Amino acid sequence: MVIGAAAGLIAVAFHAVMNLAEATRAELAMLATDHGVLAQVGVVLACGLLAAAAVFLVHRYAVEAEGSGIAAVLEAHRTVSGRRAARILWVKFLAGFCGLSSGMPLGREGPSVQIGAMSALLLRDYGPKLVYYRRRAIELGAAAGLAAAFNAPLSGVVFSFEMLKQPFHAHNCFETILACAIADWVCRLFHGPVLELPMILDGFREWHELPTFALVGLWAGTAVLVFQRFLLAVAGRFQAFADRPRSLVAITGCWGCLLGIVLLWQPATLGIGHALFEAAIENSMPLTVAAAALAARIPLTAVSYATGAPGGLIVPALLFGVLAGQIFSKGYGLLAGGVDADFHAVCLVAGMAASIGGLFRAPLTATIMAVEITGTYTCLLEISIAYIAAHSLFGLARQPDLYTALGRIHKPRLGNRPARLAVARPPGGARLKPPDGED
């Protein structure tokens, strides 16, 4: 209960910082629009400085804070002390603010997992001595962090067993449920009992429509397969700067300037993507706009993540699925003479599950998260069909899950260390600081 409450509170604080970053970026866009060319140049340079600052903070103070941090959580009980956890927390907050303010289209859920785990580790080392096992504390904190990120306690529970590889038995399961429920409750005290992406379903899909959602899964799976291959190619390029962190920071600054130019042109394509989510759910996004947004977000997200700035990939994957579902729904409507609102909504949810499942090979997390954040529990069968299609596509393409694939890129520099831990390593190749003490 203590871990769940702490993870929930720190997740609320992190959400506030991320909302401030979104507001800061919006202010920069307005400033550029209202004050002419000189202001536009200033905004572009500001985005570059913010992006460079995000990567500099990570490499200078806490390399474990790189990227989503989920892979680092897997080894945190062996590699992170209480003092190190405190440093990771402030770096995650400050660098995350800088990265999202610059326009990097990354999510907040991965950082929420890591800050939840680090808050639990701090409780373990400096708290009221209610937590006795470092690994269990970290697993519970990470699960509670994800639950708080999406107001989705069941997603946090299955995430801890499926992706964090927590041993599954009744005692662990109840403790995890309790921690996630407390974290979710704390978040609802501040944000209210709202769904992350609320959708309404009134109808029921007929049996002859079910194969259609396999096509949705294949299409969404194709989109995230392209993203994965693009990300792996870019990450391999950034690996060339493994021994030159200053060059990496400079390149990231240039990338931030490019994001600033995009901010002047199409600000909705940057950041978390709230406007894109809302337009797709309301079915107000034309087919061409959805296709252009998907084509733009794939390289923008891939390069931003490869720089090593703090940010997650679950929300970007959800957006890929939503945009793929929007494209499929609009295209199917043109061929069939229109679709009803329920069909459109199911396409979006099925696309989410297919994207998450294809990238991370996590069927329970993908299906439960898709229904829990949208409230569409009645379309669980359609979601499962879409997931199976996307999973099969990745199998036929001989693609591993994304974290394993990224780990293989860094493996030559890591010796025999596990591939999944490699994702927590920055392109600069700095080593994790040894722990100050062991249990």
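Residues numbered from 1 in each chain as written. Predicted model: local features only at pLDDT ≥ 70, side-chain atom pairs only at ≥ 80, totals over all residues. Heavy atoms only, no water.

Visitor: So, the overall build of the protein: which residues are in play, and what are the values?
Guide: On a plain count of helices and strands, the protein comes out with 18 helices and zero strands. A buried classification covers 61% of the 439 residues belonging to the protein. Of all intrachain contacts in the protein linking residues separated by at least 6 positions in sequence, the fraction that spans at least 24 positions is 82%. Total accessible area on the protein stands at roughly 17200 Å², and carbon and sulfur atoms take up 67% of it. (Helix = DSSP H or I, 4+ residues; strand = E, 2+ residues; numbered from the N terminus. Buried < 20%, exposed > 50% of the residue type's maximum accessible area, 1.4 Å probe, protein only. Contact = heavy atoms within 4.5 Å. Areas by Shrake-Rupley, 256 points an atom, 1.4 Å probe, with all protein chains shown as cover.)

Visitor: I'd like a rundown of the environment of valine 224, residues and numbers included.
Guide: Within the secondary structure layout, valine 224 lies in helix 9 (residues 210-238). Relative accessible area serves as the criterion here: at 0%, valine 224 is assigned to the buried category. When the C-alpha atoms of valine 224 and isoleucine 356 are compared, they prove to be 8.7 Å apart, with 132 residues separating the residues in sequence. Not counting the four nearest positions on each side in its chain, valine 224 is found in contact with Phe320, Ser355, Leu359 and Phe394.

Visitor: Please provide a residue-by-residue account of the packing of aromatic side chains, values included.
Guide: Counted by the stated rule, this structure contains seven aromatic pairs. Here the aromatic rings of tyrosine 332 and phenylalanine 343 are separated by 5.0 Å at their centres, their planes lie at 25°, and the arrangement is stacked. Pair noted here: tyrosine 332 is in helix 13 (residues 314-336) and phenylalanine 343 is in helix 14 (residues 341-360), with a separation of 11 residues, a long-range link. Residue class for phenylalanine 343 comes out buried when judged on its relative accessible area of 2%. The rings of Phe213, Phe328, Tyr332 and Phe343 are connected pair by pair, giving a single aromatic cluster. For the cation-ring pair, arginine 60 lies above tyrosine 61, with the distance from its terminal atom to the ring centre recorded as 5.1 Å. (Phe/Tyr/Trp six-rings, centres within 6.5 Å; stacked < 30°, edge-to-face > 60°. Lys NZ or Arg CZ within 6 Å of the ring centre and 35° of its normal.)

Visitor: Just give me the short version of the nonpolar core, but keep the residues and values in it.
Guide: Within the largest apolar cluster, 124 residues are counted, with the highest numbers of intra-cluster contacts made by Phe150, Phe227, Leu231, Leu318 and Phe360. Sorting elements by how many residues they give to this core places helix 14 first, with 13 residues. For leucine 231, the residues in contact, after removing those within four places along its chain, are Ala302, Tyr305, Ala306, Leu313, Leu402 and Leu406. Ala11, Val12, Ala144 and Ala183 belong to the second-largest nonpolar core, a separate cluster that totals seven residues. (Core = buried A, V, L, I, M, F, W, Y, C linked by side-chain atoms within 4.5 Å.)

Visitor: With reference to specific residues and values, describe the confidence of the model for the protein.
Guide: The share of residues in the protein with pLDDT of 70 or more is 90%, and the mean pLDDT across the chain is 83. Looking across the protein, the model is least confident in helix 18 (residues 419-422), with a mean pLDDT of 40, and most confident in helix 12 (residues 287-306), with 93. (pLDDT = per-residue confidence, 0-100.)

Visitor: Please give an account of the side chain of threonine 212 that cites residues and values.
Guide: With respect to the helices, strands and loops of the structure, threonine 212 is situated in helix 9. The class for threonine 212 is buried, based on a relative accessible area of 10%. Excluding its chain neighbours within four sequence positions, the residues that come into contact with threonine 212 are Phe328, Tyr332 and Phe343.

Visitor: Please provide a residue-by-residue account of a nonpolar patch on the surface, values included.
Guide: On the surface, a nonpolar cluster with roughly 480 Å² of combined accessible area is contributed by Leu9, Trp185, Leu189 and Phe190. Position of phenylalanine 190 relative to the elements: it lies in helix 8 (residues 170-191). (Patch = residues over 30% accessible without salt bridge, like charges linked within 9 Å, V, L, I, M, F, W, Y side chains within 5 Å. Salt bridge = Lys/Arg side-chain N within 4 Å of Asp/Glu carboxyl O.)

Visitor: So what's going on with helix 1 (residues 2-34)? Which residues, and what values?
Guide: In an α-helix there are 3.6 residues to a turn, and that puts residues three or four apart on one side. Its 33 residues place the ends of helix 1 48 Å apart at the C-alpha level, agreeing with the 48 Å of an ideal helix rising 1.5 Å per residue. With its phi angle positive at about 80°, glycine 36 sits one or two positions after the end of helix 1. (Expected span 1.5 Å × (residues − 1).)

Visitor: Break down helix 11 (residues 274-281) for me, with residues and values.
Guide: Regarding helix 11, the residues found buried are Leu276, Phe277, Ala279 and Ala280. Of the surrounding elements, those touching the buried residues of helix 11 are helix 12, helix 13 and helix 14. Where helix 11 terminates, the next one or two residues include asparagine 283, which has phi positive at roughly 60°.

Visitor: Pulling in residues and values, what's your account of unusual backbone geometry?
Guide: Phi at asparagine 151 is positive, roughly 50°, even though this residue is not glycine. Relative to the helices and strands, asparagine 151 resides in the loop between helix 6 (134-150) and helix 7 (153-162). Among the residues examined, asparagine 151 registers a relative accessible area of 7% and is labelled buried. Backbone geometry at asparagine 283 places phi at a positive 60°, although glycine is not the residue there.

Visitor: Which residues make up the environment of tyrosine 387, and what values go with them?
Guide: Along the chain, tyrosine 387 falls in helix 16 (residues 380-396). Note on tyrosine 387: relative accessible area 7%, which makes it buried. Each C-alpha atom of the pair tyrosine 387 and methionine 352 lies 8.9 Å from the other, and the pair is 35 residues apart in sequence. Filtering out sequence-adjacent residues up to four positions away, tyrosine 387 remains in contact with Ala353, Ala354, Gly357, Arg361, Ala362, Pro363 and Ala366.

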